[in-house]
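Each chain, written out:
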Amino acid sequence: MNKSRPVRLPKNPEPQAWLAADRSLQYIADYKPFNMVDGEGIRCSLYVSGCLFNCPGCYNKAAQNFHYGTPYSDELEDQIMKDLANSYVQGLTLLGGEPFLNTQVCLRLVRRIRAEFGNEKDIWSWTGYTWDELMQESYDKLQLLSYLDILVDGRFLEAEKDLSLQFRGSANQRIIDVPKSLKENRVIIWDKLIR
């Protein structure tokens, strides 16, 4: 008799149930400059600490802990800005952990990037939230969304894991063009999507 394993699923929040102000300790799990895996082109990637989705099979389980890593600092922010200033760097990627549960850090950084670089550098973010969930969320999350160029949305689902997908771990996740989606008030998929 073949007993199949039960499907493990991530946690699902109610709208505005998880607020960054209540959860974030403003810790950073990692910072990786000049990488080519966290979005298009050469990027600087900031991994924030803390996530409540608890997706089974998460590739960065340590970063789910809000106490993991080190506190965000002015020195780190200055280093990120210095690294982004290189002409060959296309932009910044926010990952985690969960960037939308760390809006204090992420908003501070993306505001500075827009102030110093305008739209010369693009900003990507991964999130466990879906687009529709973010549309029902708190003001800080919507503010962070408004600074992004690309959002990879949705929880990682082990049952839909597919390592052949472009910039995604599971087939339910989408690569969303944020400015176009906000303008048209509906999800617009990134026009460079291959698979």
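In the annotation of an unreviewed UniProt entry, the protein chain is listed under the name Anaerobic ribonucleoside-triphosphate reductase-activating protein and assigned to Pediococcus pentosaceus. You can read under Function (unreviewed entry) in the UniProt record for the protein chain the words "Activation of anaerobic ribonucleoside-triphosphate reductase under anaerobic conditions by generation of an organic free radical, using S-adenosylmethionine and reduced flavodoxin as cosubstrates to produce 5'-deoxy-adenosine."

1. Some points on the overall build of the protein chain
Across its full length, the protein chain holds 6 helices and 7 strands. Listing every helix and strand of the protein chain by position from the N terminus yields α-β-β-β-α-β-α-β-α-α-β-β-α. In terms of C-alpha radius of gyration, the protein chain reaches 16 Å, essentially the compact-globule figure of 16 Å for 195 residues. Dimensions of the protein chain along its principal axes, counting C-alpha atoms only, are 60 × 35 × 30 Å. The buried share of the protein chain, reckoned over its 195 residues, is 51%. Counting contacts in the protein chain only where the partners sit at least 6 residues apart, residues at least 24 apart contribute 68% of the total. Summed over its atoms, the accessible surface of the protein chain is roughly 10000 Å², and 51% of this surface lies on carbon and sulfur atoms. Separation between the mean location of the 24 positive side-chain charges and that of the 26 negative ones in the protein chain comes to 5 Å.

2. Some words on the packing of helix α3 (residues 103–117) against helix α5 (residues 139–147)
Their axes nearest at 10 Å, the elements α3 and α5 cross at an angle of 30°. Here the hand of the crossing between α3 and α5 comes out left-handed. Seen from α3, the contacting residues are T103, C106, L107, V110, R111 and R114; seen from α5, they are D140, K141, Q143, L144 and Y147. When its residues are assigned to classes, the contact of α3 with α5 shows 5 nonpolar, 2 polar and 4 charged.

3. Side note on the pairing of strand β4 (residues 89–95)
The buried fraction of β4 amounts to 6 of the 7 residues, a majority that puts the element mostly inside the structure. With α3 bridging β4 and the parallel strand β5 (residues 122–126), this β-α-β connection has right-handed handedness.

4. Focus on the packing of helix α2 (residues 74–84) against α3
Taken N-terminus to C-terminus, the directions of α2 and α3 make an angle of 40°; their axes are 11 Å apart at the nearest point. Here α3 runs oblique to α2, going by the angle between their axes. For the element pair α2 and α3, the recorded crossing hand is right-handed. Contact with α2, carried on its side by D74, E77, D78, I80, M81 and L84, involves R108, L109, R112, I113, E116 and F117 of α3 and no other residues of that element. Grouping the amino acids of the contact of α2 with α3 by side-chain chemistry returns 6 nonpolar, no polar and 6 charged.

5. Some thoughts on the nonpolar core
Core analysis: the largest hydrophobic core is formed by 40 residues, its most contacted members being L46, L84, L92 and L151. When contributions to this core are tallied by element, the ones reaching two or more residues are β1 (27–35), β2 (42–48), α2, β4, α3, α4 (131–134) and α5. Not counting chain neighbours up to four residues away, the residues in contact with L151 comprise F100, S125, T127, W131, L134, L145, R174, I175, I176 and V178.

6. Digging into the sheet that holds strand β6 (residues 150–153)
Strand-to-strand pairing in sheets goes through backbone hydrogen bonds, with the strands running parallel or antiparallel. One open sheet accounts for 7 strands, arranged β3-β1-β2-β4-β5-β6-β7; its pairing is mixed. Looking at which strands have only one partner, the edges of the open sheet turn out to be β3 (70–71) and β7 (174–177). By the bridge criterion, 5 bridges tie β1 to β2 in an arrangement that is antiparallel. Within β2, the residue paired with I28 across the bridge is V48. Strands in contact with α2 are β1, β2 and β4; relative to β1, the strand with the most contacts, it is inclined by about 15°. Of the strands in this sheet, β1, β2, β4 and β5 are in contact with α3, which crosses β4 at around 165°.

Reading the values: rules and limits
- Residues numbered from 1 in each chain as written.
- Predicted model: local features only at pLDDT ≥ 70, side-chain atom pairs only at ≥ 80, totals over all residues.
- Heavy atoms only, no water.
- UniProt positions renumbered as here; feature names shortened; annotations may be inferred.
- Helix = DSSP H or I, 4+ residues; strand = E, 2+ residues; numbered from the N terminus.
- Rg over C-alpha atoms; globule rule 2.2 N^0.38 Å.
- Buried < 20%, exposed > 50% of the residue type's maximum accessible area, 1.4 Å probe, protein only.
- Contact = heavy atoms within 4.5 Å.
- Areas by Shrake-Rupley, 256 points an atom, 1.4 Å probe, with all protein chains shown as cover.
- Lys, Arg positive; Asp, Glu negative; His and termini not counted.
- Charge placed at Lys NZ, Arg CZ, Asp CG, Glu CD.
- Axes fitted to C-alpha atoms, helices over the stretch in contact; angles between N-to-C directions.
- Left-handed = near helix turned anticlockwise from the far one by under 90°.
- Nonpolar A, V, L, I, M, F, W, Y, C, P; charged D, E, K, R; others polar.
- Right-handed = clockwise from strand over helix to strand, strands pointing away.
- Parallel < 35°, antiparallel > 145°, perpendicular 65-115°, else oblique.
- Core = buried A, V, L, I, M, F, W, Y, C linked by side-chain atoms within 4.5 Å.
- Pairing = 2+ DSSP bridges.

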